Amino acid sequence: MTYAITQTCCNDATCVAVCPVNCIHPTPDEPDFGRTEMLYIDPKACIDCGACADACPVDAIFPADALSAGQQEYAALNAAFYEQRAPRPAPEGGPVFHAWGAPSFPRTLPADFAPLRVAVVGTGPAGMYAAEDLLLHTNAEVTLVDRLPVAGGLVRYGVAPDHPATKRIGDTFARFHTHPRVRMYLGVDVGTDVTAEELAAHHDAVVYAVGAAADRRLGIPGEDLPGSVSATRFVAWYNAHPEVAPDAIDLSGTERVVVVGSGNVALDVARILVGDPEALAATDIADHALAALRASAVREVVLLARRGPEDLSCTAPELLALGRLPGVRLVVDDHDPRIRAAVEGAAEHEKAALLRDAVYERVDWAAPVPQGPERRIVFRFHSAPEEVLGGAVRVTGGDGPVELPAGVVLRAVGYRGLPVAGLPFDEETGTVPHRGGRVEGRPGSYVVGWIKRGPSGGIGANRTCAAETVGTLLADAVDGALPVPKGTARAFDRLARGRARHVVDARGLAAIERAERARGEEAGRPRVKLGTVPELVAAARARRRLLR
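As the structure is a prediction and not an experimental result, all values here were calculated from the model.

Asks: Just checking my understanding: could you explain the overall build of the protein chain for this structure?
Replies: Scanning the protein chain from terminus to terminus reveals 19 helices and 23 strands. Computed over C-alpha atoms, the radius of gyration of the protein chain comes to 24 Å, within 12% of the 24 Å expected from 2.2 N^0.38 for 548 residues, which places it in the range of a compact globule. Dimensions of the protein chain along its principal axes, counting C-alpha atoms only, are 70 × 65 × 50 Å. The buried share among the 548 residues of the protein chain stands at 54%. Within the protein chain, counting contacts between residues at least 6 apart in sequence, those at least 24 apart form 74% of the total. Approximately 23,800 Å² of the protein chain is accessible, and the part contributed by carbon and sulfur atoms is 53%. Across the protein chain, 59 positive and 69 negative side-chain charges occur, with their mean positions spaced 7 Å apart.

Okay, here's the thing in structure tokens:
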């Protein structure tokens, strides 16, 4: 028997580190690491020890013979990866005795080095991987800062609610929230409550992990009309982000939604829009979003892709999951002969081949949305939006300009970073200029995650990214290149609490967690999120009242 990695793979390579026979690839030191959609287990080399399954932070690894009917494709997906790779020489002396590289400890400080005091701005995956690296490899003291009064970042507000296994990576990060060398300041906005200069003056180094909070623009007429919404805002809406109002999305009277894009975020919003609301009721989706989806008239979601199926930007696991959505029919608009040719000519390991079982039809966009028992997700390839109209979007295609009636148009063409107060910014890339994570021209300042490399790579990609940044930071420390902080940890505590209206610490965060889980227990759900800043702050303060 062998194990197989499935859809929820986070790519952070925790499983690679524990595998005794080196059967999981690509590894972090291989050129294709971070470029593949997931990690893969070699069925010929796996010895069925289960170490990888025990270590996986998102429960993505299972015995191949225990996969559910909907997961059987992943056993073949894992095996197919190795059919495409050059064969590796057989290890001498049996599978356990393969060659290991020399031990490497790139992120350490000399034993007699004074503890560093490092601030990490942002508590999403990038920031927490950096904090984890510092805490596990050095004796550094870490200050966690976030502008929201709750931790989590992308894990809390970016992962779709119907992907609960992916959200479990948050449990891995949460163990560091109460680490004895961690101080937490949630609800403190760097640039408003404290300046970047003040933060730097109280720490040896500052690591910015602020992500990419904005969305890319289409640059077409009508983009800002009512009914045209960024996927960034839609995702935040159904995840109860406190900066997006419950009434920010209006699905009433809308039978068709057009999503511009074909990446994983586009597939996420399509699933949420046409999936079974009662299935979503078992997740942590926002209460207001669940109510809106229950009342929604949406019957069809159209995914617009500029290029053909051979260039789909989503991952194969997410596309597989889309085809298994209960009560939803996957349709391909057969308006261009290049589409079917690309699917039929695709090799078995290529994403386009996953669309062979879809329904192909020439969609009549002037006709009413079909009202059968199933809802539909329609892929329209070789189509670029030209203009958003009131109640429709005009697109190009093999059949010329076409107007697609739609009550809502969602733009899912990527995220974009925003300028960070006090740091240089590259407007073209939406990132902070850096070298190995070191901010150019700002000694002691570093970046990690999407603000460093742009909005590419999933949760696990931040682990390697953080390792590089922390390695650069520690090298600078050893070289004496870090500015000496003028303020103490106690002085920063007074500064932050004196400036920010409501500071939430680790105990307050734990109180928020208890409150949300208690609300969920009452509703028969894993948790019910608190969706406003006052609610979050009140829950955090409830802990203080209980202690009096």
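Anyway, onward from the coordinates.
Asks: Looking at this model, I keep getting lost on the pattern of salt bridges. Mind explaining?
Replies: Using the criterion set out here, one finds 36 salt bridges in the structure. Arg147 is paired through a salt bridge with Glu243; the nearest N and O atoms lie 2.3 Å apart. Of this pair, Arg147 sits in the loop between β6 (141-146) and α5 (154-157) while Glu243 sits in the loop between α9 (231-238) and β11 (256-260), placing them 96 residues apart in sequence. Among the residues examined, Arg147 registers a relative accessible area of 40% and is labelled partly exposed. We note a salt bridge from Glu300 to Arg376, for which the minimum N-O separation is 2.8 Å. With a gap of 76 residues between them, Glu300 in strand β12 (residues 300-304) and Arg376 in strand β15 (residues 375-380) connect regions that are remote in the sequence. Each member of the pair, Glu300 as well as Arg376, carries the same accessibility label: buried. Through salt bridges with shared partners, one network takes in Arg156, Glu513, Glu516, Arg517 and Arg527.

Asks: How should I be thinking about the sheet that holds strand β13 (residues 328-333) in this particular structure?
Replies: Hydrogen bonds between backbone groups are what pair the strands of a sheet, and the pairing can be parallel or antiparallel. One open sheet holds the seven strands; their spatial order is β10-β19-β11-β12-β15-β13-β14, and the pairing between them is parallel. A strand with exactly one partner marks an edge of an open sheet, and here the two such strands are β10 (228-230) and β14 (359-361). Within the sheet, the average angular offset between the axes of one strand and its neighbour, ignoring direction, is 25°. Inspection of the sheet shows β11 paired to strand β19 (residues 408-411) by four bridges, in the parallel sense.

Asks: I keep staring at the packing of helix α4 (residues 125-137) against helix α16 (residues 461-478) and nothing clicks. Help me out?
Replies: A pair of packed helices is characterised by two quantities: the angle between their axes and the separation of those axes. The contact between α4 and α16 brings their axes to 8 Å, and the two run at 50°. Considering the angle they form, α4 stands oblique to α16. Crossing geometry of α4 relative to α16 is assigned as right-handed. Each of Pro125, Ala126, Tyr129, Ala130, Asp133 and Leu134 in α4 lies in contact with α16, whose residues at this interface are Asn462, Arg463, Ala466, Ala467, Val470 and Leu474.

Asks: Sorry if this is basic, but what is going on with the environment of Gln71 here?
Replies: Residue position: Gln71 is located in the loop between β4 (61-63) and α3 (72-84). For the pair Gln71 and Arg324, spaced 253 residues apart in sequence, the C-alpha separation works out to 9.8 Å.

Asks: What should I look at first to understand α16 in this one?
Replies: Because each turn of an α-helix spans 3.6 residues, side chains separated by three or four positions in sequence point in the same direction. In a regular helix each residue adds 1.5 Å, so 18 residues correspond to 26 Å; α16 covers 26 Å between its end C-alpha atoms and thus fits that length. Listed as buried for α16 are Asn462, Cys465, Ala466, Ala467, Thr469, Val470, Thr472, Leu473, Leu474, Asp476 and Ala477. Looking at the residues trailing α16, positive phi occurs at Gly480, about 75°.

Asks: What should I look at first to understand the environment of Arg463 in this one?
Replies: The residue Arg463 is located in helix α16 in this model. Residue Arg463 is classed as partly exposed on the basis of its relative accessible area of 29%. Separated by 333 residues in the primary sequence, Arg463 and Ala130 place their C-alpha atoms 7.5 Å from one another. In this structure, Arg463 is in contact with Asp12, Ala13, Thr14 and Tyr129, ignoring residues within four places of it in sequence.

Asks: Got a minute to help me understand unusual backbone geometry in this structure?
Replies: Most peptide bonds take the trans configuration, and most residues that are not glycine carry a negative phi. Pro26 follows His25 through a cis peptide bond whose omega is -5°. If you trace the backbone, Pro26 turns up in the loop between β2 (24-25) and β3 (40-41). Within the chain, Asn22 stands out as a residue other than glycine whose phi angle is a positive 55°. Position of Asn22 among the secondary structure elements: in the loop between α1 (14-18) and β2. Positive phi, close to 65°, is recorded for Asp48, a residue that is not glycine.

Asks: Could you clarify how one ought to interpret the sheet that holds strand β18 (residues 402-405) in this entry?
Replies: What the three strands build is an open sheet, ordered β16-β17-β18; its pairing is antiparallel. Both outer strands of the open sheet, β16 (385-389) and β18, are each paired with one neighbouring strand and no more. If you compare each strand with its neighbour and ignore which way they point, the axes differ by 20° on average. Bridge count for strand β17 (residues 392-395) against β18 is four bridges, and the pairing is antiparallel. Directly across from Arg394, in β18, lies its bridge partner Glu403.

Asks: What am I meant to see in the nonpolar core here?
Replies: Soluble globular proteins tend to bury their nonpolar side chains together. Of all hydrophobic cores here, the largest spans 74 residues; its most connected members are Ile24, Leu39, Ile41 and Leu116. In terms of residues, this core owes the most to one element, α4, which gives seven residues. Among all residues touching Leu116, those that are not within four sequence positions of it are Leu109, Ala140, Glu141, Asp204, Leu473, Leu474, Ala477 and Leu482. The next biggest cluster of nonpolar side chains, apart from the first, holds 54 residues, and it includes Val229, Leu322, Leu325 and Ala358.

Analysis parameters
Each chain has its residues counted from 1, following the order in which its sequence is written. Since the coordinates come from a predicted model, pLDDT governs what is reported: local features require at least 70, and pairs of side-chain atoms require 80 or more to be given and counted, while whole-chain, interface and lining totals use all residues. Note that the side-chain values use all heavy atoms of the structure and ignore hydrogens as well as water. Helix and strand labels come from DSSP, where a helix needs a run of H or I of at least four residues and a strand needs a run of E of at least two; each type is numbered from the N terminus. Each radius of gyration reported is based on C-alpha atoms, and the globular scaling rule is 2.2 Å times the count of residues to the power 0.38. Relative accessibility under 20% of the residue-type maximum defines a buried residue, over 50% an exposed one, and the middle range a partly exposed one, all with a 1.4 Å probe and only protein chains included. Any pair of residues with heavy atoms lying within 4.5 Å of one another is described as a contacting pair. Shrake-Rupley sampling with a 1.4 Å probe provides the accessible areas, and residues are treated as covered by the protein chains on show and by no other component. Charge assignment in this entry is limited to Lys and Arg as positive and Asp and Glu as negative, and neither His nor the chain termini are counted. To locate a charge, the coordinates of NZ of Lys, CZ of Arg, CG of Asp or CD of Glu are taken. Each salt bridge in this description consists of a side-chain nitrogen of Lys or Arg and a carboxyl oxygen of Asp or Glu lying within 4 Å of one another. Two strands are counted as paired when DSSP detects at least two bridges linking them. Inter-axis angles, ranging from 0 to 180 degrees, are taken between N-to-C directions of lines fitted to C-alpha atoms, where helices are fitted over the stretch in contact. If an angle is under 35 degrees, it is roughly parallel; if it is over 145, roughly antiparallel; if it lies from 65 to 115, roughly perpendicular; otherwise it is oblique. Each crossing is labelled by how the near helix is turned from the far one, with a counterclockwise turn of less than a right angle marking it left-handed and a clockwise turn marking it right-handed. Take the residue count of a helix, subtract one, and multiply by 1.5 Å to get its expected span. Among buried residues, the Ala, Val, Leu, Ile, Met, Phe, Trp, Tyr and Cys ones that are joined through side-chain atoms within 4.5 Å form a nonpolar core.

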